[in-house]
Amino acid sequence: MVFSSLIFLYVFLPLVIVLYFISPKMLRNTILLLASLFFYAWGEPKYVLLMMLSIVLNYVLGIVIENTASQSKRKTLLWLVIVSNLAILGYYKYAGFFVDIINNYLAQPIEWQAVPLPIGISFYTFQALSYVIDVYRKDVKAQRNFLDLSLFITLFPQLVAGPIVRYQTVAEQIKKRLATSEDWMIGTRRFVQGLAKKVLIANPMGEIADHVFSLSGGDLTTGTAWIGILAYSLQIYFDFSGYSDMAIGLARIFGFKFEENFNYPYIAQSVTDFWRRWHISLSSWFRDYVYFPLGGSRVSHEWKLYRNLLVVWTLTGFWHGASWTFMAWGFYYGILICLEKWVLLKWLARIPRVLRHMYILVIVMIGWVFFRANDFTYAFAFIKTMFGLTDAPLYNYETILLTKDYAIYFVIAIIFAMPIYKIYHNWSEQKASTSLSFDWSLRITQTIYYGALLLFITMFLVNATHNPFIYFRF
Amino acid sequence: MRKIQTYLLPITFFCIIFGGFVVHVLTVDRPQSEMENRALASANITPSPQEIFSGDWSKQVETYISDQFPARDTWMRNYVNFQRIVGKTYLNDKYAVDDKSGWIISKPAAAKPEEELASFASDLQHLSEGLAEKHIPFTFYSLPAKATYSREPSPGYMPEDAGIANNTKLHELVTAAGVDNLRLYNDMQDDFSAERNFYKTDHHWTIRGAYSGYEAFISTLSERLGETIAPIPYDEEKTFCLPNQFAGSWNKILYMTVDNDEQICYNEPDSFATQFTIYDGTIEDGVTAPYEAVYGRAKQMSADAVVNYAEAYSRDFAELTIVNKNYDSDKHLVVIKDSYFNTIQFHVASHFKTLTILDLRYLDKEIIPYLQSMQPDYVVLAYNDRNLKLMPE
């Protein structure tokens, strides 16, 4: 089920809220778990069993690891759980990719029937892995209550597209949490903000990107290519950060407090800075569970640092999908981060801020071409057109039509990609905390604004046909 | 201490989403959307286990919720209005609206791949050859469509519509395939104007445009038949219009957001009401229908009813057989048609002893053997020039 759908907004969510809040506290986790399983089963009922298998595996092995005294046995068990989790993920997500590679070298190709990717498998697998690794590291105690561990992994707000929540973050909240009226207000506000990002900005940007990336080489002009990649850059940000906002907001309504997943990445001034602001839960997962165990930056030789960075970023790219373009996209960032660590950051510090912004925006947009394109041929042809290295004209009627029809969406998207609203929000909340009359007027204004925004979003949703989230396929 | 004002937003939010749910449950489902011209999804309350486990049922439910969402048409209409406010060139990615004149103009069509046109030409060749086996002559007519000839006002930066080029290319291919064909526009050019011939808000021709088409059709067909058949001259005095508001097909797609003062008009001799015996199907089926139930049903509607093109002239019948007692020619003519022909079907029928009208979208028969068994004197396929397939869209 998709958050930005009428069935979620006007059927599932109100019913879950009613059931949850009229239930006695002891049943609330069960209600949430059942709702989460229903939420997941809605689109792909058969894959609930796969997810349950993953939960049982991690539940049992988490307890076994905790109860094992011998360090070598603990380590063996940890490797067992890691390999098991990655085997499930690998079968569904990467097997076809590797079979294709192997078949290139075989006279008698291996026959492989492609299997559909279970939605959210990369997210819940990483979430489950973080739990078991934390148990192994003795950072957390193994969860003995099967329902509670199931709820941690399946909790519907973050189940299918993150953020990747750490067990440490919510372990206490699963046991005991209090959702106050302030939590409901903050959660509602955040959910509607995320919904607006997705429906009012990401979807129109997606229309442009889909159109431009479907154009054949002959129809693509330099201007249209830039419009297309700008639209895709805004689409993917508002799509994914919108989803994260909705997840964080929904969780807050039920009393859970999740970590932030985005922090205005397009205002970054370096690639390093960008990745501190983009998909924070994934970056920190790889930092804590791959980069640090490899030695991180505390290494005997400098080359090992660069090796570690390249490994982590190539894996980050590969996490997104089983294709060479995703791997190249990750490696591209690995190279850039290595260059920044080596010398670029020092140079960047000396140039004007505006140039640093331009540097990161161009770098990121080029990266998104690889992310969006199906193959390298298309990606390189697209980039050549962007920089006028083909015979493509500067613009044509498509360029004018897209600019004219979507100018307002671009302006709104660019404004909301910057922390202007956040500055206003912090100022108003600060003032509301010191003035009761301002607090009242702010809450009334917010109620009218977000209520109207919800109805406005509904208008878009009634007209929408299909609007899946980009990160669903990861 | 909890502040009461913090309840305002969550309660409002809950009231909207829960209220939407309750209204949805209490609202009676609509079977049909007049604006979208399609059947709306109904609730499948007894899904099979296979439907549930395959995920098909969840898709059905989502479609049902979307189709039956409370005040769906109002939401859709407001969305069109929103697009107009923000200056979208082609509303719903289909039509531009000129607010001054009230004309709705379609987005320019791209040139069709030659294979697609060749495929249609090949179908026509098979049809023609199949009929020739039984010595039944055949002609393909393309009728001028509004989308092809009503292009103004259109944004200056947009490319030209490829409708005329597609039509020209198709006729070249059809000629090369040895099939007799005629572009009706060529015989209507003397007094052709988009303003006169087409509705502003609908994709069809007006009665005046249709009448010009009828005159050209009869003139050119009489040459082919080798008979002197003169069309009924257009008599301005005979024209009468209904007071009803018109629901143009393109305006319906835009949820009737374009104001217009268009009227449904008729121009037909009084004798039409009595000179035909009309069969809904074949003569052998024996199901007859009165003239007023087939043509111009809107004449019987109340003046405040909003009337669409099908109600104004004729709906699409799979097969309609019209037997005429005051004929000029004793021939049996078969016309395979789309909705453009509906306006003039009785005008054409008034010249022939028998006219059979077939609509392949609804006729569940193998067309060539069926026509061979019917043994008509002449077969015409008359489609508007945007239809580039044997099975019209």
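Bear in mind the structure is a predicted one, so any value in this text is a computation, not a measurement. (Residues numbered from 1 in each chain as written. Chains lettered and ligands numbered in written order. Predicted model: local features only at pLDDT ≥ 70, side-chain atom pairs only at ≥ 80, totals over all residues.)

Participant: Tell me what's going on with the overall build of chain B, and back it up with residues and numbers.
Facilitator: Check the secondary structure of chain B and you find 15 helices and 16 strands. Its C-alpha atoms give chain B principal-axis dimensions of about 95 × 55 × 45 Å. Looking at chain B as a whole, 37% of its 393 residues are labelled buried. By sequence separation, contacts in chain B at least 24 residues apart represent 70% of the contacts at least 6 residues apart. (Helix = DSSP H or I, 4+ residues; strand = E, 2+ residues; numbered from the N terminus. Buried ≥ 20, exposed ≤ 12 C-beta atoms within 10 Å, placed from the backbone. Contact = placed C-beta atoms within 7 Å.)

Participant: Just give me the short version of helix 10 (residues 222-253) of chain A, but keep the residues and values in it.
Facilitator: Residues and elements named next belong to chain A. When the terminal C-alpha atoms of helix 10 are compared, their 46 Å separation across 32 residues agrees well with the 46 Å that a helix rising 1.5 Å per residue should span. The element helix 10 is extensively covered by neighbouring structure, given that 31 of its 32 residues are classed as buried. Downstream of helix 10 by a residue or two, Gly-255 has a phi angle that is positive, lying close to 95°. (Expected span 1.5 Å × (residues − 1).)

Participant: Pulling in residues and values, what's your account of the interface of chain B and chain A?
Facilitator: Contacts between the two partners involve 36 residues from chain B, matched on the other side by 40 residues from chain A. Those elements that place two or more of their residues in the side of chain B that touches chain A are helix 1 (8-26), helix 2 (49-54), helix 3 (56-67) and helix 4 (72-85) of chain B. Among the elements that line the side of chain B that touches chain A, the one with the most residues is helix 1 of chain B, at 12 residues. Taken together, the residues that form the side of chain B that touches chain A break down as 22 nonpolar, 10 polar and 4 charged. (Nonpolar A, V, L, I, M, F, W, Y, C, P; charged D, E, K, R; others polar.)

Participant: Please give an account of the sheet that holds strand 10 (residues 276-280) of chain B that cites residues and values.
Facilitator: Residue and element names in this part refer to chain B. Taken together, 8 strands build an open sheet; the order of strands is 6-5-16-14-15-13-10-11 and the sheet is mixed. Looking at the sheet topology across the chains shown, the edges are occupied by strand 6 (181-183) and strand 11 (288-289). Looking at chain direction, strand 14 (residues 329-337) and strand 15 (residues 352-358) are connected through 6 bridges and run parallel. Bridge pairing in strand 15 places Leu-333 opposite Leu-355. (Pairing = 2+ DSSP bridges.)

Participant: Lay out the domain arrangement of chain A in plain terms, naming residues and giving numbers.
Facilitator: Residue and element names in this part refer to chain A. For chain A, the domain assignment lists domain 1 (6-177) and domain 2 (184-416). For domain 1 and domain 2, the distance between their C-alpha centroids amounts to 26 Å. Each partner contributes to the interface: domain 1 provides 21 residues, whereas domain 2 provides 19 residues. Listing elements by their share of the side of domain 1 that touches domain 2, those giving two or more residues are helix 5 (95-103), helix 6 (121-136) and helix 8 (167-175). Broken down by element, the residue count for the side of domain 1 that touches domain 2 peaks at 4 residues, all from helix 6. (Domains from an automatic or database assignment.)

Participant: Summarise the environment of Leu-254 of chain B; cite the residues concerned and give the values.
Facilitator: Residues and elements named next belong to chain B. Looking at the secondary structure, you find Leu-254 in the loop between helix 10 (249-253) and strand 9 (265-266). Distance in space between the C-alpha atoms of Leu-254 and Ser-154 is 17 Å, their sequence separation being 100 residues. Those residues in contact with Leu-254, other than ones at most four positions away along the chain, are Val-80, Leu-91, Asn-92 and Tyr-95.

Participant: Now, about the environment of Glu-259 of chain A: what can you tell me, with residues and values included?
Facilitator: Residues and elements named next belong to chain A. Mapped onto the elements, Glu-259 comes out in the loop between helix 10 and helix 11 (271-277). With 15 C-beta atoms counted inside 10 Å, the residue Glu-259 sits in the partly exposed group. Glu-259 sits 201 residues away from Phe-460 along the chain, and the two C-alpha atoms are 29 Å apart. If we ignore the near neighbours within four places in the chain, the residues touching Glu-259 are Pro-163, Thr-169 and Ser-281.

Participant: Outline the packing of helix 1 (residues 6-22) of chain A against helix 2 (residues 25-41) of chain A, supporting the account with residue identities and numerical values.
Facilitator: Residue and element names in this part refer to chain A. Running from N to C, helix 1 and helix 2 cross one another at 165°; their axes reach a closest spacing of 9 Å. On the basis of the axis angle, helix 1 is roughly antiparallel to helix 2. Of the two possible hands of crossing, helix 1 and helix 2 adopt the one that is right-handed. For the pair helix 1 and helix 2, contact is made by Phe-12, Val-16, Leu-19 and Tyr-20 and by Arg-28, Ile-31, Leu-32, Ala-35 and Phe-39, respectively. (Axes fitted to C-alpha atoms, helices over the stretch in contact; angles between N-to-C directions. Parallel < 35°, antiparallel > 145°, perpendicular 65-115°, else oblique. Left-handed = near helix turned anticlockwise from the far one by under 90°.)

Participant: Give me the lowdown on the packing of helix 10 of chain A against helix 17 (residues 397-416) of chain A, citing residues and values where you can.
Facilitator: All names here are of chain A. Look at helix 10 against helix 17: their axes get within 11 Å of each other, and the N-to-C directions meet at 30°. Our classification of the angle between helix 10 and helix 17 gives roughly parallel. Judged by the twist between their axes, the crossing of helix 10 over helix 17 is left-handed. Each of Gly-223, Thr-224, Ile-227, Leu-234 and Phe-238 in helix 10 lies in contact with helix 17, whose residues at this interface are Glu-398, Thr-399, Leu-402, Thr-403 and Ala-413. Across the contact of helix 10 with helix 17, the residue classes break down as 5 nonpolar, 4 polar and 1 charged.

Participant: Go over the pairing of strand 5 (residues 138-143) of chain B, please, and point to the residues and values.
Facilitator: Residues and elements named next belong to chain B. For strand 5, the tally of buried residues reaches 5 of 6 residues, placing the bulk of the element in the interior. As defined by bridge partners, strand 5 adjoins strand 6 across 3 bridges and the pair is classed as parallel. In the strand pairing of strand 6, Phe-140 is matched with Asn-181.

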